[in-house]
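# Coordinates in review
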Amino acid sequence: MNAENRSFYESSFTKSATLAWGLAFALFFSFGTVVNEGQAAPCFGNAQSAYNYLLTQEELENQALSQNSININRASEGELTSLKGIGSSKAQAIILYREMFGDFKSIDELAKVTGIGAKTIEKNRSRLQL
């Protein structure tokens with residue numbers, strides 16, 4: 001195969017691959033749009049209405065979070081990561097502490113876990129239980 005033919009085939013292949021990727025990209029995002037249409041935020045006539053809506057949504061979310069209490073002596077890593085300021089590594093540290101020293105006797109004992117301080121405990125106190 002000479003260089004001219006090779007260039008033609010490579011060019012055709014590149015165009016086909018680009019077209020295929022473009023089509024896949026378009027299908028992916030159009031499907032995502034269809035799926036999310038039911039979850040679209042409402043439209044507002046003015047900024048104050050939109051702001052009030054966002055405040056209400058934030059308040060509802062905070063209420064939902066505060067209603068779900070976490071038993072620190074039984075919670076899984078996933079449950080612990082739902083707390084403010086607790087990521088996967090801190091959740092694992094809490095579980096390791098429980099395994100090494102037994103159940104927590106008080107909420108404040110969480111401060112003995114590496115990486116967890118009084119501020120984190122106070123942010124989450126309303127959700128924590130033994």
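Scroll up to find the structure.
Residues numbered from 1 in each chain as written. Predicted model: local features only at pLDDT ≥ 70, side-chain atom pairs only at ≥ 80, totals over all residues. Heavy atoms only, no water.

### Focus: empty space enclosed by the protein
Per the counting criterion, the structure on display carries 1 cavity of 30 Å³ or more. Approximately 40 Å³ is the volume found for the largest cavity. For the largest cavity, the full set of lining residues is Leu83, Ile86, Ile94, Leu110, Ile116, Thr120, Ile121, Asn124 and Leu128. No other element matches the 3 residues that helix α5 (residues 118-124) contributes to the lining of the largest cavity. (1 Å grid on protein atoms, 1.4 Å probe; cavity = no way out; pocket = protein on both sides within 12 Å on 5 of 7 lines; lining within 4 Å. Points joined across faces, edges and corners; volume = space filled by probe spheres on them. Helix = DSSP H or I, 4+ residues; strand = E, 2+ residues; numbered from the N terminus.)

### A closer look at helix α4 (residues 88-101)
Counted at 1.5 Å a residue, the expected span for α4 with its 14 residues is 20 Å, and the 20 Å between its end C-alpha atoms agrees. Regarding α4, the residues found buried are Ala91, Ile94, Ile95, Tyr97 and Arg98. Considered in projection along α4, the buried side chains sweep an arc of 155° and stay on one side of the axis. Facing away from the buried surface of α4 by more than 90 degrees, the exposed residues are Ser89, Glu99, Met100 and Phe101. Its buried side turned inward, α4 meets α3 (77-80). (Expected span 1.5 Å × (residues − 1). Buried < 20%, exposed > 50% of the residue type's maximum accessible area, 1.4 Å probe, protein only. Arc of directions from axis to C-beta. Contact = heavy atoms within 4.5 Å.)

### Some words on a nonpolar patch on the surface
Together, Leu96, Met100 and Phe101 give the surface a local cluster of nonpolar side chains, amounting to about 350 Å² of exposed area. Along the polypeptide, Leu96 turns up in helix α4. (Patch = residues over 30% accessible without salt bridge, like charges linked within 9 Å, V, L, I, M, F, W, Y side chains within 5 Å. Areas by Shrake-Rupley, 256 points an atom, 1.4 Å probe, with all protein chains shown as cover. Salt bridge = Lys/Arg side-chain N within 4 Å of Asp/Glu carboxyl O.)

### Side note on the pattern of salt bridges
Pairing is possible between side chains that carry opposite charge, provided their charged atoms lie close to one another. Applying the stated criterion across every chain, the model contains 3 salt bridges. Two residues, Asp103 and Arg74, come together in a salt bridge whose shortest N-O distance is 3.2 Å. Separated by 29 residues along the polypeptide, Asp103 in the loop between α4 and α5 and Arg74 in the loop between β1 (70-71) and α3 bring together distant segments of the chain. Judged by its relative accessible area of 57%, Arg74 falls in the exposed class. In this structure, a network of salt bridges that share partners links the residues Asp108, Glu122 and Arg125.

### Thoughts on the packing of aromatic side chains
The final tally for this structure, using the stated rule, is 3 aromatic pairs. Relative to Tyr53, the ring of Phe44 has its centre 5.2 Å away and its plane inclined at 45°; by these criteria the two rings are tilted. Tyr53 gets classed as partly exposed once you look at its relative accessible area, which sits at 28%. Aromatic ring contacts, followed pair by pair, group Tyr97, Phe101 and Phe104 into a single cluster. (Phe/Tyr/Trp six-rings, centres within 6.5 Å; stacked < 30°, edge-to-face > 60°.)

### Points about the side chain of Thr120
Structurally, Thr120 can be placed in helix α5. Residue Thr120 is classed as buried on the basis of its relative accessible area, which comes to 12%. What Thr120 contacts, discounting residues up to four positions off in sequence, is Lys84, Gly85 and Ile86.

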